[in-house]
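Below are the chains, spelled out letter by letter.
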Amino acid sequence: MFAVHLLAFHFTKLKEDQIKKVDRYLYHMRLSDDVLLDVMARFQAEMVKGLGRDTNPTATVKMLPSFVRSLPDGSEKGDFLAVDLGGSQFRAHQVKVFDDGKQSSQLESKFYPTPKEVIQGNGAELFDYVADCLLDFMETKNLKHKKLPLGFTFSFPCKQTKLDEGVLLGWTKHFKVRGVQDTDVVSSLRKALQKHKDVDLDVLALVNDTVGTMMTCGYDDQRCEVGLIIGTGTNACYMEDMRHIDLVEGDEGRMCINTEWGAFGDDGALDDLRTEFDRELDLGSLNPGKQLFEKMISSLYLGELVRLILLKMTKEGLLFNGKVSTALLTKGKIEMEHVCAMEKYKEGLSNTKEILTELNLFPSEEDCIAVQHVCTIVSFRSANLCAAALAAILTRLRENKKLLRMRTTVGIDGGLYKAHPQYAKRLHKVVRRLVPNCDVRFVLSVSGSGKGAAMVTAVAYRLAAQRKQIDAALAPFLLSLETLREVKNKMRTELEYGLKRDTQASATVKMLPTYVCGTPDGTEKGKFLALDLGGTNFRVLLVKIRSGRKRSVQMYNKIFAIPLEIMQGTGEELFDHIVQCIADFLEYMGIKGARLPLGFTFSFPCRQASIDKGTLVGWTKGFKATDCEGEDVVDMLREAIRRRNEFDLDIVAVVNDTVGTMMTCGYEDPNCEIGLIAGTGSNVCYMEDMKNIEIVEGNEGKMCINTEWGGFGDNGCIDNIRTKYDKEVDEGSLNPGKQRYEKMTSGMYLGEIVRQILIDLTKKGLLFRGQISESLRKRGIFETKFLSQIESDRLALLQVRRILQQLGLDSTCEDSIIVKEVCGAVSKRAAQLCGAGLAAVVEKKRENQGVEHLQITVGVDGTLYKLHPHFSRVLQETVKELAPRCDVTFMLSEDGSGKGAALITAVAKRLHNVGQK
């Protein structure tokens, strides 16, 4: 028993001595966590360099865009072919993807050798060989008569400008085919296939094996957004945000980046970590100075590294009694399979003895222990370096998503990872140590390079079909210049109808006279009250106007809410609530006893008989108070004041907010004769020549006309451009069949149009995985402010997803892109339609003045115009296009409904005083 313990102790001591000896000898190959974190930081810097347009040409890590923009979502289906070139064998595959709700697929493959004369011959021979093998495969599977989409896995660095095109940057591994570098490999394959007239194939996607690995694993696990190959070669790919990829146009969504990380260090960035053995191996390779990171990691080189280390140690008398065999001197004699066998847990030492004996080295037990440890250090360094670079990618993904902690999946393939007994465990452990804030799942890919190419092709197929359906849904929102001209001309016709006595009663654009007959001239002065009713809030203002050199307008206001039950209650309740708010304000300002002139901004269609008489034509914007339509709102306000019997006011003018907007801007710019509101509602007013207003007596001077253009189209004249979504929004509104133009152009309705489109696309399975959430079913959930936020150029898709999450919509990156596109289509159409209507008004003004070229200012207010990132620009461009002889300046109004009402009151007082004199 004692002898056994003694023997065991002797062996352990012997092992420790040999391990220490090798550790000292290969000290530089043992990398601490600090060194690995440094490598990780260096690789992150290289990634940024590769993604930048200016820095990419000099970057070693090329960060090649793959034009794969979407991961599988489980709805892919169909039959696909794939060919796979890049490893030790060439493979042809048939992949069937089933849409059975189980995300199942079936793969059939055939392997073909890659003879040396082919992989080191010329390009034409290589692609003819690939085509011949593929045809043989199709023959054996009885597929020659079928037209199937083909994915091409080509595991070499290619520069892609689209999914089905790739220019070879340079051969790697043991390939060295002449005449292929700097040419499009897809074209070469197509040419080779075209020689066979009996088959009809087209290559839909060129895929790197790394991308294929990610896509294969992504089909089974939708968290998979990284692909990793550790085999004959090594590489990684991942899904990068488009906004960071300078080499490709567009900022929306994500794209898979093929890092081509094998070249990391080719600029000397890893020289401090490369050993004399790495340098010697590189000098003896097919591509000296290239793929230096790959030469420290991949299975093609690790066996050779071990051989070079053993050779030097033997020459120095540290192994095999200093006796070098011919085999040890021969390049390539130790391969990766030998390293794997020597590192096996139990039989490793006996395998080592066997392998070394075959190399005529006659090892002692000490030699076997030392050689086994050399293998461990070489393969462990490989796993460490791989983990550091992978940790850099995972950190970038987490930072892109702005997450403190991230869950993700890495799809892995490659012989070294699969065959080596310890490699996977080591890699996982080091990655988790380097990025403790990433919960990483590693998934082994099953035939990633073949099935992956088919999956990329299947996803491309799915996206093309989806794109067709999305384009069809949004096509009616794309208005041609010709259509916009038609809208302008129809609006012009309707404006004329509204002005004429005979047609005004049946006109949809009511062209209501406001009895505002002048714009400010700068002499206005005094204290005025203004009321502003037009939305869910109600304001009371005190406005002090000073004239002369110190011309100024000072305003004090208070905002009061109007509850829904009052908006939709009785007229008496509504006006009593308004008077209550006025009383609160007068008390607050300490002016309850003063009888001030008041301007009442009432932003609903009114028929006026004078400046202080306004009969409500009909409620809009969600108001539905009873016993108001057909009544004079000024009388209703006076009666409510009398009922309260606390104060008295001189109601001088009832004002539309659009007129107030024009007057506010007219105070600053005398050229302003048009007011536009593009907010909750949509409307325009302008100064019309009295001679054209048949419904008002007198031909002298001008009067402001409140067009109430929201009703344009209520007679069916624009039905040709109304979509099914517009009709759904109209039918679900408080006033079906009314204000049709407003429902296509104003902020109150745009969000609802978007919601209807999103529901339709979801029903078709194009959004939110085909699941209509409860929140999406709620009318009004999609407010127009969300359109403005979602369409903001500064907003990354991540933030778009957050907005959608606030609305209870769990969206993918692709969903967010589609939602943004839908919002863009709806708001662009709104701005164009608004521009077409405005073009009709400015053209009318030009003709009224009888000038060839008109210079005019439009005063504008409204949240849609002010806050939406593109609305104002599109509107202005449309006006310019449709009214080229009008030079229109757009001026933002500063509180048209408050300040404007006071100015109208002041102008009316001034004109009244002039009249009295």
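Let's talk about the overall build of the chain
Phase 1: Within the chain, the secondary structure is distributed over 30 helices and 26 strands.
Phase 2: Taken over the C-alpha trace, the chain has a radius of gyration of 39 Å; the compact-globule value for 917 residues is 29 Å, which it surpasses by more than 25%.
Phase 3: Based on the C-alpha atoms only, the size of the chain along its principal axes is roughly 130 × 70 × 50 Å.
Phase 4: The burial tally for the chain puts 59% of its 917 residues in the buried class.
Phase 5: Looking at the chain alone, contacts between residues at least 24 apart form 71% of all its contacts between residues at least 6 apart.
Phase 6: Of the roughly 37,800 Å² of accessible surface on the chain, a fraction of 50% belongs to carbon and sulfur atoms.
Phase 7: Averaging the locations of the 123 positively and 123 negatively charged side chains of the chain gives two centres separated by 2 Å.

So, the environment of H420
Phase 1: Tracing the backbone shows H420 in the loop between α14 (415–419) and α15 (423–434).
Phase 2: The sequence separation of H420 and M342 amounts to 78 residues, and the corresponding C-alpha distance is 9.9 Å.
Phase 3: With residues near it in sequence (within four places) discarded, H420 still touches M336, C340, E343, S379, G415 and R426.
Phase 4: A distance of 2.7 Å separates polar atoms of two side chains, one belonging to H420 and the other to E343.

Focus on the sheet that holds strand β18 (residues 597–602)
Phase 1: Taken in spatial order, the five strands make up an open sheet running β17-β16-β15-β18-β21, and their pairing is mixed. Strands with a single pairing partner mark the edges of an open sheet, and in this sheet they are β17 (552–561) and β21 (650–655). Between one strand axis and the next, the sheet turns by 20° as a mean value, whatever way the strands run.
Phase 2: The pairing of β18 with β21 spans five bridges and is classified as parallel. Directly across from F600, in β21, lies its bridge partner V654.
Phase 3: Running over the sheet, helix α19 (residues 571–589) touches β15 (526–533), β16 (537–546), β17 and β18 and is turned about 130° from β17.
Phase 4: Across the sheet, helix α21 (residues 657–668) touches β16, β17, β18 and β21, and the angle it forms with β21 is around 100°.

Digging into helix α4 (residues 123–140)
Phase 1: Here α4 spans 26 Å end to end across 18 residues, near enough to the 26 Å set by a 1.5 Å rise per residue.
Phase 2: Taken together, the buried positions of α4 are G123, L126, F127, V130, A131, C133, L134, L135, F137 and M138.
Phase 3: Contacts from the buried residues of α4 go to β2 (78–85), β3 (89–98), β4 (104–113), α3 (116–119), β5 (149–154) and α5 (185–194).
Phase 4: For α4, the capping residue at the N-terminal end is N122, with a side-chain oxygen 3.2 Å from the backbone nitrogen of A124.

What to know about the confidence of the model for the chain
Phase 1: Mean pLDDT over the chain: 89, with 96% of residues reaching 70 or higher.
Phase 2: Mean pLDDT values for the elements of the chain range from 63 in helix α1 (residues 2–25) up to 97 in helix α29 (residues 871–882).
Phase 3: Here residues 1–11 is modelled with pLDDT under 50, and outside its nearest four sequence neighbours on either side it reaches three contacts, counting other chains as well.

Remarks on the nonpolar core
The tendency in soluble globular proteins is for nonpolar side chains to be buried side by side.
Phase 1: L228, W261, L394 and L427 are the most contacted members of the largest nonpolar core, which totals 114 residues.
Phase 2: Not counting chain neighbours up to four residues away, the residues in contact with L427 comprise L228, I230, A383, C386, A387, I412, Y417 and F442.
Phase 3: If you look at the next biggest cluster of nonpolar residues, it comprises 84 residues, including L676, M690, L838 and V879.

Quick notes on the state of the cysteines
Phase 1: Across all of its chains, the model carries zero disulfides by this definition.
Phase 2: Between C438, a cysteine without a disulfide, and C224, which holds the nearest cysteine sulfur, the sulfur-to-sulfur distance is 14 Å.
Phase 3: The buried category is assigned to C438, whose relative accessible area is 4%.
Phase 4: Free of any disulfide, C672 has its nearest neighbouring cysteine sulfur in C665, separated by 4.9 Å.
Phase 5: Note on C672: relative accessible area 0%, which makes it buried.

Comments concerning the packing of helix α22 (residues 724–731) against helix α24 (residues 747–763)
Phase 1: At a minimum axis separation of 9 Å, α22 and α24 run at an interaxial angle of 120°. As the angle between them shows, α22 and α24 are arranged oblique. Where α22 crosses over α24, the handedness of that crossing is right-handed. The segment α22 lies against α24, with K724, Y725, D726, E728 and V729 engaging Y749, E752, I753, Q756, I757 and D760.

Focus: the packing of helix α17 (residues 481–499) against α29
Phase 1: Packing of α17 against α29 brings their axes to within 11 Å, and their N-to-C directions diverge by 80°. Taken as axis vectors, α17 and α29 run roughly perpendicular relative to one another. Residues L481, L484, R485 and K488 of α17 pack against T878, E881 and L882 of α29.
Phase 2: Split into classes, the residues belonging to the contact of α17 with α29 amount to three nonpolar, one polar and three charged.

What to know about the sheet that holds strand β10 (residues 234–241)
Phase 1: Spatial ordering of the open sheet is given by β1-β11-β10-β9-β12-β13, a layout of six strands whose pairing is mixed. Looking along the sheet, the strands with just one partner apiece sit at the ends: β1 (64–65) and β13 (438–444).
Phase 2: Of the strand pairs in this sheet, β10 and strand β11 (residues 254–258) are connected by five bridges, and their pairing is antiparallel. For Y238, the partnering residue across the bridge sits in β11 and is I257.
Phase 3: Packed on one face of the sheet, helix α6 (residues 209–220) meets β9 (224–230), β10, β11, β12 (406–413) and β13 and runs near 135° to β9.

Notes on the layout of surface pockets
Phase 1: Of the voids in this model, the second largest pocket is the one considered here, and its volume is about 1,400 Å³.
Phase 2: Lining the second largest pocket are 48 residues, and of these R254, T812, C813, E814 and D815 lie nearest its centre.
Phase 3: Elements with a minimum of two residues in the lining of the second largest pocket: β12, α16 (448–474), α26 (797–806) and α27 (813–849).
Phase 4: Top contributing element to the lining of the second largest pocket by residue count: α16, with nine residues.
Phase 5: By residue class, the composition of the lining of the second largest pocket is 21 nonpolar, 10 polar and 17 charged.

With respect to unusual backbone geometry
With the exception of glycine, the majority of residues adopt a negative phi angle, and the majority of peptide bonds are in the trans configuration.
Phase 1: The phi torsion at F320 lies on the positive side, around 50°, for a residue other than glycine.
Phase 2: When you line up the elements, F320 lands in the loop between α9 (299–315) and α10 (326–329).
Phase 3: Among the residues examined, F320 registers a relative accessible area of 2% and is labelled buried.
Phase 4: Here the phi dihedral of R769 falls at roughly 55°; this positive angle occurs in a residue that is not glycine.
Phase 5: Here R769 shows up in the loop between α24 and α25 (784–790).
Phase 6: Note on R769: relative accessible area 52%, which makes it exposed.

The rules behind each value
Residues numbered from 1 in each chain as written. Predicted model: local features only at pLDDT ≥ 70, side-chain atom pairs only at ≥ 80, totals over all residues. Heavy atoms only, no water. Helix = DSSP H or I, 4+ residues; strand = E, 2+ residues; numbered from the N terminus. Rg over C-alpha atoms; globule rule 2.2 N^0.38 Å. Buried < 20%, exposed > 50% of the residue type's maximum accessible area, 1.4 Å probe, protein only. Contact = heavy atoms within 4.5 Å. Areas by Shrake-Rupley, 256 points an atom, 1.4 Å probe, with all protein chains shown as cover. Lys, Arg positive; Asp, Glu negative; His and termini not counted. Charge placed at Lys NZ, Arg CZ, Asp CG, Glu CD. Polar contact = N/O pair within 3.5 Å; in protein donor to acceptor, adjacent residues only side chain to side chain. Pairing = 2+ DSSP bridges. Axes fitted to C-alpha atoms, helices over the stretch in contact; angles between N-to-C directions. Expected span 1.5 Å × (residues − 1). pLDDT = per-residue confidence, 0-100. Core = buried A, V, L, I, M, F, W, Y, C linked by side-chain atoms within 4.5 Å. Disulfide = S-S within 2.5 Å. Parallel < 35°, antiparallel > 145°, perpendicular 65-115°, else oblique. Left-handed = near helix turned anticlockwise from the far one by under 90°. Nonpolar A, V, L, I, M, F, W, Y, C, P; charged D, E, K, R; others polar. 1 Å grid on protein atoms, 1.4 Å probe; cavity = no way out; pocket = protein on both sides within 12 Å on 5 of 7 lines; lining within 4 Å. Points joined across faces, edges and corners; volume = space filled by probe spheres on them.

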